Every structure is written in structure tokens, then in C-alpha cells.
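Here is what each chain is made of, one letter per residue.
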Amino acid sequence: MECQECHERPATLHFTKVVNGSKTEIHVCEHCAKEKGYVSYGEEAYSLHDLLSGLFNFDTSLNEQKSKNLSDEQGLKCPKCGMTYKEFTQVGKFGCASCYHTFSDRLNPIFRRVHSGNIVHEGKIPKRIGSNIYQKKLLNGYKEKLQQLIQSEEFEQAAQVRDQIKEMEKEKGTNHDGEGEV
Amino acid sequence: MSLQQFMNEAISPWMKDEGPDSDIVMSSRIRLARNFDQTPFPIIAENEDLEKILDFFNQEYHQQSFKNYHDLEFVRMSDLKPIEKRVLVEKHLISPHLAENGKLGGALISKSEQVSVMVNEEDHIRFQLYFPGFQLEEALAQAFDFDDWLEEKINYAFDETRGYLTSCPTNVGTGMRASVMMHLPALALTQKISRMIPAINQLGLVVRGIYGEGSEALGNIFQISNQITLGRSERDIVEDLRSVVNKLVEQERKARQLLIEQSELQLEDRIFRSYGVLEHSRIIESKETAICLSDVRLGIDVGFISNVSKTILNELLVVTQPGFLQHYAKKTLSPQDRDILRASLIRERLKLEK
Ligand SMILES: [Zn+2]
Ligand SMILES: [Zn+2]
């Protein structure tokens, strides 16, 4: 999204303003935000760009070796939508689902900052397309349980769990041809 | 014509039911963001891709019904007049972003206006479900069902580790924004709310005024919502929000009680002055309107005013917004003319109560 004031730079500040009771969303670059005095709504404004660029500084000062590769990594480009990593940090938005895989190695610090340290999804899994993920999670749970049972030498129960796992793996093999690489 | 209904009724049909704690909690909302797995996100997608999505929604969901959500109506933003879009924004059925930037945007809205799906906003799909009063769990359960229903025909962008993939990193994971709208006049009047907000923020929740700039909340209406979407389940997020809202409800009731005990006459005076202003002004700005409406609603809740319906706050706040006023006048109005029409509409509306 481009800045609504200069139509040149990408909009990095997004917030809502109310004039005469009517709400408008404001999308401006940092330059124009300062120029037009939007920054006084500081509490409402939220700049992901700040967050991301702050992150770079943090990374480079902390990790000398990383900084050497920084320009290479910024040159990362999503094969599906064409968005580069640099564009992503400027706009603060992904271009497509594949961006998540392309930039995967650089995302954890960002997610940690935005989501209070969290990097892994907890919660709903799509009912239809996620059914094998659900099965996989269940299977992994059984495998862990099996290890525990073996360690605590509860072999009878372990055998039962092993059979359950076999059963599930057999089912998976027939239901999804080649889909379920674990 | 549903569009006509969306335009003419200030209060959405679902708002007419009274929910739990509706003296303080006006509404509960769950919003989920979803995307198609193979199509670039709207900020970067080709027009052609976005057109396809609009066609898909029109074909698959226009005039369909799911559970209690009957007669879904699909509208393209390009088919709406600016004032019509503005009215949908003022009713919180679509976002300002969709109204302004969404030439290839659309909306699918149920007859009750309880569900609305924004198409090609920042994400391909953002749908929201409203419930009157304090009913977050119910809203979440229904949102999940609606989500499953959509997912029967759509391959969502979903990743085992990152969850639902969204255009903005701030929504990834659950893609969920759970929120409640609260009327907190006593906490605002006694300035307790400003001291509570930092503590609420620390819990990963955001408090903001619905009408007003910055932290100012016109009409003392606040929206509390979650900020974090990754690493916590929808149920946990809703549970956190629920317990904070519970506390706020409790505190607001206490503050109201205290106001009555310590300064009943002053409170009564304030409320009836505001009532008088609404009943008699000839020119009124939206800011003053919101303040007076909040007072009158408080007056109804604590029993000073008995002959006015409770929905007056919600209704008049929407009707007196610029878009609605101009829709009503059937023409563009200058701010001064709006203030005059606003005053006269409020007077007429209050007369109906007698
Ligand atoms: Zn600019
Ligand atoms: Zn991409």
C-alpha cells in the first residue's frame, strides 16, 4: 500500500482518525506522518516498520556474522508472488502464503516481538484440509506416549499403543496417497 | 432488497435482543482472517485474481443461508455509492479500509447483519460475528461453525507451524480478533479507566475509544480486544478477554453505585441537563451528541430516566454519523447542515418515546 499523502513511499503507519464523528483510516509513510503532524496520535499509530528495522539493528549489533549475510538475505525473493524480503520489511505485509516459507528463517524474531515471544500456532486447525495434520499430531502424541511407556517398562501397555500407531499408519497409507510425509 | 434494509435501519436486527450484562457490554464480536492458499494476498494480487474471488463469493454464497444466518447478500464495493459504503462502515459491517481501497472488494452480509464477510480487504476473507451483550464464547462457537462451513469450499492458507497465514504478521496464527464494546461512563467520569488501561495492556489486550481520537472515547464507549494471535488458542484468548471484561463490568457497577451514594443530585442534574440538550437543541455536533447520549443511557440504566428505550444510545450514535445523515437527507451536507439535521433527528426521535 502506498502512502496516501505523497503516493511515493510505502505506507508504514496505519491508524484510525476521527473527524466530526466520521472514522477514517490513515495510511502514510513515516516522512509524511511527521510532516502532517499525524505522529501526535502516537498511541494509536503502529509501525511495523519500526519494529522490523529496530530488529535489524538489534540483530546486527548482536550477531556480527549475520550482518555480513544481511544483504544476501534481504535479497530473498518469494518465487510465488515476487515479493522480496526487503519489500516485506518496508511494507510490513506478506505478499502470499509462500512468503512465509521463503522468509521462514527470518520470521521467528519478528513473531516473537509481535506475539509476546510466541512463534508456533496453537488453536484451530482447518476441519477439512487440516484433517491429516490433526491425525499427525495425534500420531506424534501416541509415539511420545510409547517412548514413555517403554522407559517406564510398562511393556503390556506399550504394545497396545504400538498397535494403535501401526493401525493409524496403515490407515494413512490407504487414505492419502503420498500426501502424508511425516 | 436487503441493501435497502442495511441502509435504512440504523440498528442492526441482532442488536434489538438484549444480551447478558447489556447495561454495560453493548456487543461481543469475533473476527477471523482467512486467505486462499494459492492466490497472492490482496495487496499484491492481480485484479484478475481478485475478480475471481468476488465471482466465487457471488456464485457460492449469494442468497445462501447457514444456520441462523439467513439470506446472505453479496455486494461488490464497486456497485455501491460512496454514501452507501459510508453507512455500512458506520454500522460496523465493513471496515473503512474496504470502503476506501476496495474497488475489487465485496461484502457478504446476513439479513440479521450478525455475520458479515469482507472479501478482498487486507486478507481475502475477514468475517465477523456479532452477539448482543456479553457472549464471547457463544460468538466464538458460532464463528467456528461458520468458518467450517466456508472451509468446505475453500482451501485456506494454513501452515502447521504458523497457523492461518495472513497478510499482516500481527494476525498470523488464529487470525482472530475478539472484542467487546463497553459503555463505561462511571469509570470514565471518575477517571478510573485511565488508570486501568495500562494494566489491561499488560495482559496483551488493547483498549481503544470507538468514537474519538487517540485514547479519548466519545460517548464513553470502549473496545477491548486481543492483540496476540500466535501461540495461544482461540479459547484461551477469549477466556483472558472474558475475565478482564468481567472485572470491568464489576468495577463499572461499583463506580455507578458510588456515584449515586456520594453525589446523587449532581449525577441526576448532569443526566437531565444532557437529556434537555438532546430534546431541545437546534444545532448539535457529533461530539456533544455522544456525550449527552452517554449520560442519557446512564440515566436509563441507573433508573433516573424511565420512559426512553435502552437502544437509544446505539441507535442515535449511528443515525447521527455523517454518512447516515446524508443518506437520510439524500444529498451531501456541509458540516453545519449536518449539525442542524442531527439536532432535528434527535428531537424527533425522542418525541417518539413519549
Ligand atoms: Zn508519504
Ligand atoms: Zn509470496
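See the structure printed just above.
Each value, and the rule that gives it
Residues numbered from 1 in each chain as written. Chains lettered and ligands numbered in written order. Predicted model: local features only at pLDDT ≥ 70, side-chain atom pairs only at ≥ 80, totals over all residues. Heavy atoms only, no water. Buried < 20%, exposed > 50% of the residue type's maximum accessible area, 1.4 Å probe, protein only. Helix = DSSP H or I, 4+ residues; strand = E, 2+ residues; numbered from the N terminus. Pairing = 2+ DSSP bridges. Donors = N, O, S within 2.8 Å, 3.2 Å for Na, K, Ca; no water. Polar contact = N/O pair within 3.5 Å; in protein donor to acceptor, adjacent residues only side chain to side chain. Contact = heavy atoms within 4.5 Å. Buried area = accessible area lost by both parts, 1.4 Å probe. Salt bridge = Lys/Arg side-chain N within 4 Å of Asp/Glu carboxyl O. Nonpolar A, V, L, I, M, F, W, Y, C, P; charged D, E, K, R; others polar. Expected span 1.5 Å × (residues − 1).

Asks: Give a detailed account of the pairing of strand 2 (residues 73-76) of chain B, specifying residues and quantitative values.
Replies: All names here are of chain B. Side chains Glu 73 and Val 75 of strand 2 all project onto a buried face; the interleaved residues Phe 74 and Arg 76 project onto the opposite face, where all are buried too. Here four bridges tie strand 2 to strand 3 (residues 106-109), and the two strands are oriented antiparallel to one another. Each residue of the ladder has a partner; that of Val 75, found in strand 3, is Ala 107.

Asks: For the coordination of the zinc ion (ligand 2), give the residues involved together with the corresponding values.
Replies: Six octahedral donors around a metal ideally make angles of 90 or 180 degrees; four tetrahedral donors ideally make 109.5 degrees. Residue and element names in this part refer to chain A. For the zinc ion (ligand 2), every protein donor is listed as Cys 78 (SG), Cys 81 (SG), Cys 96 (SG) and Cys 99 (SG), and the spread of their distances is 2.2 to 2.4 Å. Counting along the primary sequence, the residues that act as donors to the zinc ion (ligand 2) give the motif C-x2-C-x14-C-x2-C. Linking Cys 81 in the loop between helix 3 (64-74) and helix 4 (85-91) with Cys 96 in the loop between helix 4 and helix 5 (97-102), this pair joins segments that are 15 residues apart in sequence. What makes Cys 81 buried here is its relative accessible area of 17%. Exposure remark for Cys 96: the relative accessible area of 2% places this residue in the buried category.

Asks: Go over the side chain of His115(A), please, and point to the residues and values.
Replies: Locating His115(A) in the fold gives a position in the loop between helix 6 (104-114) and helix 7 (131-151). For His115(A), a relative accessible area of 0% gives the class buried. Here the side chain of His115(A) touches Pro169(B) through a polar contact of 2.8 Å, landing on its backbone oxygen. A distance of 3.1 Å separates a polar side-chain atom of His115(A) from the backbone nitrogen of Thr229(B).

Asks: Now, about the interface of chain B and chain A: what can you tell me, with residues and values included?
Replies: Facing 58 residues of chain B, the contacting portion of chain A comprises 48 residues. Carbon and sulfur atoms supply 57% of the area that chain B and chain A bury against each other, a total of about 4,700 Å² over both sides. On inspection of chain B and its partner chain A, the count reaches four salt bridges. The residue Glu122(B) makes a salt bridge to Lys93(A) at a minimum N-O spacing of 3.3 Å. Across the contact surface, chain B and chain A share 24 residue pairs in polar contact (both at pLDDT 80 or more). Among the elements of the structure, helix 4 (96-101), helix 5 (136-151), strand 6 (158-159), strand 7 (163-164), strand 9 (205-211) and helix 12 (335-352) of chain B are those that each provide at least two residues to the side of chain B that touches chain A. The residue makeup of the side of chain B that touches chain A, split by class, is 20 nonpolar, 20 polar and 18 charged.

Asks: Lay out helix 9 (residues 286-302) of chain B in plain terms, naming residues and giving numbers.
Replies: Residues and elements named next belong to chain B. The end-to-end C-alpha distance of helix 9, which contains 17 residues, comes to 24 Å, matching closely the 24 Å that a straight helix rising 1.5 Å per residue would cover. Across the 17 residues of helix 9, 12 count as buried, placing the element largely inside the fold. Within helix 9 the residues assigned to the buried category are Ser 286, Thr 289, Ala 290, Cys 292, Leu 293, Ser 294, Asp 295, Val 296, Arg 297, Leu 298, Gly 299 and Ile 300. Contacts made by the buried residues of helix 9 are with strand 8 (176-183), helix 6 (185-189), strand 10 (218-226), helix 8 (234-280), helix 10 (312-319) and helix 12. Within two residues after helix 9, Gly 303 carries a phi angle of roughly 95 degrees, on the positive side.

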